[in-house]
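Read off the chains here:
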Amino acid sequence: MIPGGGQPNMQEILQQAQKMQQDFAAAQEELAATEVEGQSGGGLVRATVNGSGELRGLVIDPKAVDPEDTETLADLVLAAVHAANENARRLQQEKLGPLAEGLGGMPGLPF
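The written sequence of each chain sets the order in which its residues are numbered from 1. Per-residue local features of the predicted model are confined to residues with pLDDT of at least 70, and side-chain atom pairs are confined, for both listing and counting, to 80 or more; whole-chain, interface and lining totals are unaffected and use all residues. Side-chain metrics rest on all non-hydrogen atoms present in the structure, leaving aside hydrogens and water.

(A) Representation of the overall build of the protein within the structure. Helix and strand assignments follow DSSP, with helices taken as H or I runs no shorter than four residues and strands as E runs no shorter than two, numbered in order from the N terminus. From N to C terminus, the protein includes 2 helices and 3 strands. Listed by position from the N terminus, the elements making up the protein come as α-β-β-β-α. Think of it in three bands: with a 1.4 Å probe and only protein chains considered, a residue is buried below 20% of the maximum accessible area for its type, exposed above 50%, and partly exposed in between. Put simply, the protein has 111 residues, and 24% of those count as buried. We call two residues in contact when some of their heavy atoms are within 4.5 Å. Taking as baseline every contact in the protein between residues at least 6 positions apart, the subset at least 24 positions apart corresponds to 52%. Per-residue and other accessible areas follow the Shrake-Rupley method at a 1.4 Å probe size, with only the shown protein chains counted as cover for residues. Surface summary for the protein: the accessible area is close to 7500 Å², and the carbon and sulfur share equals 53%.

(B) Representation of the nonpolar core. Residues Val36, Val45, Ala47, Val49, Ala64, Leu73 and Val77 are the most contacted members of the largest nonpolar core, which totals 16 residues. Elements that contribute at least two residues to this core include exactly α1 (10–33), β2 (45–50) and α2 (70–104). When sequence neighbours within four positions are dropped, the list of residues in contact with Ala47 reads Val36, Glu37, Gly38, Leu55, Gly57, Leu58, Ala80, Val81 and Ala84. Think of a nonpolar core as a cluster: buried Ala, Val, Leu, Ile, Met, Phe, Trp, Tyr and Cys residues, connected wherever their side-chain atoms sit within 4.5 Å.

(C) Expanded view of the pairing of strand β3 (residues 55–60). Relative to β3, β2 runs antiparallel, the two sharing 5 bridges. Across the sheet, Ala47 pairs through a bridge with Leu58, a residue of β3. Here β2 folds back onto β3, and the loop between the two strands holds 4 residues, one of which, Gly53, carries a positive phi near 95°. The rule for pairing is simple: two strands pair if DSSP sees at least two bridges between them.

(D) Looking closely at the pairing of β2. The buried count for β2 comes to 5 of 6 residues, which makes it a mostly enclosed element. The sheet contact formed by strand β1 (residues 35–40) and β2 spans 6 bridges and is antiparallel. Across the sheet, Glu35 pairs through a bridge with Asn50, a residue of β2. Once β1 ends, the chain turns through 4 residues before running back antiparallel as β2, passing Gly41 with a positive phi of about 60°.

(E) Geometry of the sheet that holds β3. Sheet architecture is open: 3 strands sit in the order β1-β2-β3, paired in antiparallel fashion. Of all strands in the sheet, those with a lone pairing partner are β1 and β3, marking the two edges. Neighbour-to-neighbour, the strand axes of this sheet turn through a mean angle of 15°, independent of strand direction. Note on geometry: axes are C-alpha line fits, over the in-contact stretch for helices, and angles between N-to-C directions span 0 to 180 degrees.

The structure is reproduced here in C-alpha cells:
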C-alpha cells in the first residue's frame, strides 16, 4: 500500500464487509422476532405476521362470520393478511434497507 496514495486497505475493507454482514444477520433475526398487524373490516379481522412476513396469528370477530356469505369473510381475511404483509415489508425496508445498500455497494461481494 502506498501511504496517502488512495489505495484501500484490503484488510480494512474485509473487516467492514464482515461487520455489515453481521449487522444484516442481526437485523434479520430481529425481524423474525418482531410482529406486526394488519386489519380489515374496521378491525373485524386482524392478521399478525412477523417481520419476515410469516403469518403468526389471525383473529376474526364473530360479527364478521355470516354462514351465508363466506366470500366476504374470505375477502376480509385476505385484506388483513395483505395489510400485515405490507407492514412487514415496510419494517424490512426500515431495518434492512440501509444495511443492504451498504453491502451491495462493495464491489466483488456477493450481496
